[in-house]
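Chain by chain, the residues run as shown.
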Amino acid sequence: MQKKVLPFGSWPSPVTPALVLGESINLSEVSSSSATGLIWSEGRPQEGGRNALVSWDEGVVSQVIKDTKWNARTRVHEYGGASFVSVSPNEVVFASFKGPLYSVKRESVGKEWGYPSRVSPDNTIYRYADFTPHPTHPHLLLSVLEDHTIDLPSKVVNKVIILNIKTQEITTVREGNDFYSAPRWSASGKYITWIEWSHPDMPWEGSLLYSASVSPSFPASSPVLVESSILHLAGKSKGVESVSQPRWSLAEEGEEEKLVFLSDRTGFYELFVWTAGKGKDGVAQVLEKETGRDVGGPDWVFGQSTHRPLPSSPDSWVFSSGHGTISTLSLSSRKITKTIQTPFASISTVLPLSTTDVLVLGTPDETPQFLAKIDLGGKEGQFETLKKSSKEELDVDYVSKGERFSYPLTGKKGGEGYGILWLPRNKRFVGEDGEKPPCVVHIHGGPTAAASVGLSWIVQWFTSRGFAYVEVNYGGSTGYGRSYRKRLDAEWGVVDVDDTLDSITYLANQGLIDKQRVVITGGSAGGYTVLASLVKDGQEGKRIFAGGTSSYGISDLLLLAGDTHKFESQYLFNLLGGTPTEVPDVYTERSPITHASAITAPLLILQGSDDKVVPPAQATEMAEKIQKAGGKAELVIFEGEGHGFRKAENRKKAMETELEFYRKTLGIRAAEE
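These numbers were taken from a predicted model, which means no experiment stands behind them.

Participant: Honestly, the packing of helix α4 (residues 495–509) against helix α5 (residues 525–540) in this entry has me stumped. Any pointers?
Facilitator: Helix-helix packing is characterised by the crossing angle of the two axes and by the distance between the axes. Running from N to C, α4 and α5 point in directions that differ by 70 degrees, and their axes come no closer than 9 Å. As far as their axial angle goes, α5 and α4 are roughly perpendicular. The residues of α5 that touch α4, namely those facing Asp496, Val497, Asp498, Thr500 and Leu501, are Tyr528, Thr529, Ala532, Ser533 and Lys536. For the contact of α4 with α5, the class distribution of residues is four nonpolar, three polar and three charged.

Participant: I would appreciate a short explanation of the packing of aromatic side chains in the present structure.
Facilitator: Two aromatic rings are characterised by how far apart their centres lie and by the angle between their planes. Enumeration according to the criterion identifies 35 aromatic pairs in this entry. Each ring, one from Trp70 and one from Tyr102, has its centre 4.7 Å from the other, and the planes form 65 degrees; the classification is edge-to-face. Remark: Tyr102 occurs in strand β8 (residues 101–105) and Trp70 occurs in the loop between β5 (60–63) and β6 (84–88); sequence separation between them is 32 residues. For the pair Trp70 and Tyr102, one class covers both residues: buried. Pairwise contacts between aromatic rings join Tyr79, Phe179, Trp197, Trp204, Trp300, Phe567 and Tyr571 into one cluster. Between Arg174 and the ring centre of Tyr210, over which it is positioned, the NZ or CZ distance is 4.9 Å. Looking at Arg465, its charged tip hangs above the ring of Trp461, at a distance of 3.9 Å from the centre.

Participant: I tried to follow helix α9 (residues 616–628) on my own but got confused; where do I start?
Facilitator: Every α-helix winds through 3.6 residues per turn, so residues three or four apart in the chain are directed the same way. With 13 residues, α9 should reach 18 Å at 1.5 Å per residue; the first-to-last C-alpha distance of 18 Å fits that figure. Every buried residue of α9 is accounted for by Gln618, Ala619, Met622, Ala623 and Ile626. Along the long axis of α9, the arc covered by the buried residues comes to 135 degrees, so they all point the same way. For α9, the exposed residues lying more than 90 degrees away from the buried face are Ala617 and Lys628. Buried residues along α9 sit in contact with α5, α6 (557–562), β37 (603–608) and β38 (633–638).

Participant: Teacher, can you tell me more about unusual backbone geometry here?
Facilitator: Generally, phi is negative for residues other than glycine and the peptide bonds are trans, each holding for most cases. In this structure, the amide linkage connecting Phe218 to the following residue, Pro219, adopts the cis form with an omega of 5 degrees. Locating Pro219 in the fold gives a position in the loop between β16 (208–213) and β17 (231–234). The omega torsion of the bond from Gly446 to Pro447 falls at 5 degrees, within 30 degrees of zero and hence cis. Along the chain, Pro447 falls in the loop between β33 (439–443) and α2 (457–463). Its identity is not glycine, yet Arg543 carries a phi of approximately 50 degrees, on the positive side. When its relative accessible area of 43% is taken as the criterion, Arg543 is described as partly exposed.

Participant: Is there a simple way to think about the sheet that holds strand β18 (residues 243–248) in this case?
Facilitator: Taken in spatial order, the four strands of this open sheet run β18-β19-β20-β21, and their pairing is antiparallel. The sheet terminates laterally at β18 and β21 (284–285), the two strands that pair on one side only.

Participant: Is there a simple way to think about the pattern of salt bridges in this case?
Facilitator: Proximity of charged atoms lets side chains of opposite charge pair with each other. Under the counting rule described, the total for this entry stands at 31 salt bridges. The partner of Lys625 in a salt bridge is Glu621, and the shortest N-O contact between them spans 3.5 Å. Placement of the pair is Lys625 and Glu621 together in helix α9, with a separation of four residues, close to one helical turn. Residue Lys625 is classed as partly exposed on the basis of its relative accessible area, which comes to 33%. Among the salt bridges present, the one from Lys664 reaches Glu634, with a minimum N-O distance of 2.8 Å. Placement of the pair is Lys664 in helix α10 (residues 648–666) and Glu634 in strand β38, with a sequence separation of 30 residues. Lys664 sits in the exposed class, given a relative accessible area of 53%. Counted as one network, the salt bridges with shared partners bring together Glu42, Arg44, Glu47, Arg50 and Lys387.

What counts and what doesn't
- Residue positions are given per chain, counted from 1 along the sequence in the order it is written.
- Predicted model: local features are reported for residues with pLDDT of at least 70 only, side-chain atom pairs are reported and counted for 80 or more only, and whole-chain, interface and lining totals are derived from all residues.
- Values reported for side chains reflect all heavy atoms of the structure, with hydrogen atoms and water molecules removed beforehand.
- Every axis corresponds to a line fitted to the C-alpha atoms, with the helix fit spanning only the stretch in contact, and the corresponding angles, defined between N-to-C directions, vary from 0 to 180 degrees.
- Here a strand is any run of E in DSSP of at least two residues, a helix any run of H or I of at least four, and the numbering for each starts at the N terminus.
- Each angle receives one of four descriptions, namely roughly parallel if under 35 degrees, roughly antiparallel if over 145, roughly perpendicular if within 65 to 115, and oblique otherwise.
- The contact definition used throughout considers only heavy atoms, calling two residues in contact when any of these lie within 4.5 Å.
- Note that Gly is not counted as nonpolar here; it falls among the polar residues with everything else outside the nonpolar set of Ala, Val, Leu, Ile, Met, Phe, Trp, Tyr, Cys and Pro and the charged set of Asp, Glu, Lys and Arg.
- Paired rings are identified among Phe, Tyr and Trp, the last through its six-membered ring, by centres lying within 6.5 Å, and are further divided according to the angle between planes into stacked (under 30 degrees), edge-to-face (over 60) and tilted (the rest).
- For the exposure calls, accessible area comes from a 1.4 Å probe over protein chains only, and a residue counts as buried if that area is under 20% of its type's maximum, exposed if over 50%, partly exposed in between.
- In this analysis the charged atom, NZ for Lys or CZ for Arg, is taken to sit over a ring once it is within 6 Å of the ring centre and within 35 degrees of the ring normal.
- Each residue after the first adds 1.5 Å to the expected span of a helix.
- For this quantity, the arc is that covered by the directions from the helix axis to the C-beta atoms.
- Only strands joined by at least two bridges in the DSSP assignment are considered to pair.
- A carboxyl oxygen of Asp or Glu within 4 Å of a side-chain nitrogen of Lys or Arg is what we treat as a salt bridge.

As structure tokens, then:
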């Protein structure tokens with residue numbers, strides 16, 4: 001079929017709000033073992049954004065908590081993760097959004113799950129996350145507890161505990177530091193490991209891995225740990241070394257158990273191993289040769305899983321090896337034994353189901369996120385789909401595939417920046433001869449995070465209408481090693497802005513986008529970079545951006561530093577080079593609210609009425625200052641939404657408003673069907 005010529009950005013598209021939002025869900029927190037089966041979490045916009053739990057038993061799918069009043073989502077560190085655990089094939093314990101833990105049981109596999117019953121103290125000041133049942137006493141849950149008795153960032157207390165879900169008794173295992181994560185029993189129950197860190201470090205900057213022997217008298221009497229056995233294995237504070245994802249292996253008969261974990265001491269999150277019973281000198285890198293690739297990412301949430309032992313195989317391990325591949329390795333030979341290309345462009349979770357079957361959660365280039373079972377011994381490319389995040393499908397001839405690119409940085413230190421480009425694609429339409437497409441530049445949040453390849457309906461919402469779409473992985477982004485991540489230290493609002501401008505210049509010079517029709521968008525920390533970029537653009541009079549959208553974007557750094565939750569309460573100190581007292585001018589000068597009148601490009605601000613991170617008054621002030629200076633600013637408030645939009649009707653309005661704003665700003669008239 002011959003394509004019809006229409007201006008870029010005007011094309012009719014089958015990617016509708018109904019397709020983007022439809023019955024789509026967000027799959028996360030996949031949990032599995034041969035003993036307890038498979039369970040995952042589903043974020044459901046159609047049910048008020050709650051997290052539901054779903055079990056899978058050899059093809060039989062069941063709703064663990066049917067009643068939509070239940071939200072299986074923990075608020076520890078506010079971002080949560082690892083909110084549930086299977087304590088047996090027929091019992092699941094989950095953290096409720098309000099705080100307490102609940103148990104859900106069924107009579108046997110295949111039967112319906114019952115109604116939740118509370119198994120923790122009856123209060124909302126305790127929050128729980130990251131559970132591990134004792135191997136022989138599964139009613140004893142090793143867990144992180146966050147105590148909000150005094151609900152101020154400096155007064156919230158975090159610790160490692162054991163919760164007896166039969167008696168609701170809490171026993172403290174480890175306390176005294178600011179944060180804890182990943183408490184794990186060894187397979188024998190003889191050892192416990194955990195990670196801890198202190199302010200002002202974030203877990204990806206400096207964190208400490210510990211191991212300790214469990215008291216021989218446990219659980220009959222306290223204490224839980226043999227105090228003299230506590231050993232610091234890896235990690236260094238003050239931004240030196242980060243550790244993540246400790247996992248115990250099974251032990252060969254007569255041998256000690258091994259602990260495998262991630263450390264970025266080499267410059268990348270590589271796999272390391274420690275044998276129980278040996279001192280700190282017993283830590284060694286797993287593979288003979290460094291991969292030069294991050295096996296895992298920053299621990300914004302609990303329970304990330306990018307490497308795991310293969311069940312019933314003490315020597316075999318599986319891990320995410322980059323660009324949609326998974327690999328197996330031998331701990332004894334220290335070599336990779338097999339690498340498999342999965343159907344995914346990007347992978348978020350790797351979880352063995354057996355010695356041959358591995359569960360992988362990821363996103364392909366042409367279809368939405370899904371959960372697959374992959375046979376390690378089967379033919380490459382073969383897999384079984386267990387759950388799709390969306391029932392919607394789209395003709396692949398409408399789907400644009402993201403391409404990674406690197407570009408030269410113009411800063412004093414030079415080097416390379418990274419990004420992903422999706423070009424316009426529509427099976428029915430093509431742009432006019434000689435025309436370059438308008439470009440939507442998206443800035444990811446975090447800022448310690450990264451954009452990845454793989455299908456996103458929001459990306460296709462734009463590309464199928466004739467827009468190019470760019471994700472900028474500016475300095476400070478993850479996945480490119482520690483040194484690249486640390487480029488943002490003390491430079492937030494500078495490096496991210498400069499790298500974004502460099503990416504636009506590069507793509508325009510390559511003839512891939514129209515430099516006169518570039519708009520910028522982002523949410524939260526990404527929204528901050530949007531605002532900071534528009535400020536610099538206006539101050540320098542270059543008008544690189546034709547317009548921008550800030551979704552709940554941060555505009556006042558002083559306000560953010562003084563009014564945020566414990567986990568991020570000192571995050572800014574590293575990003576901005578000190579505290580507000582130490583570097584007050586930096587906080588003022590890099591706050592977009594200070595220079596709002598400099599913004600000359602049209603700005604759309606999308607804001608939740610209940611946002612505690614970026615209060616609505618801040619967004620209103622930003623818009624009013626721009627308007628007073630003669631600029632154009634539109635403010636849309638979404639009632640009942642917080643820092644991010646969860647309700648389907650509000651997400652629909654946001655995406656339609658943003659598209660219409662760009663077309664109006666760029667002078668693009670939507671074509672008739």
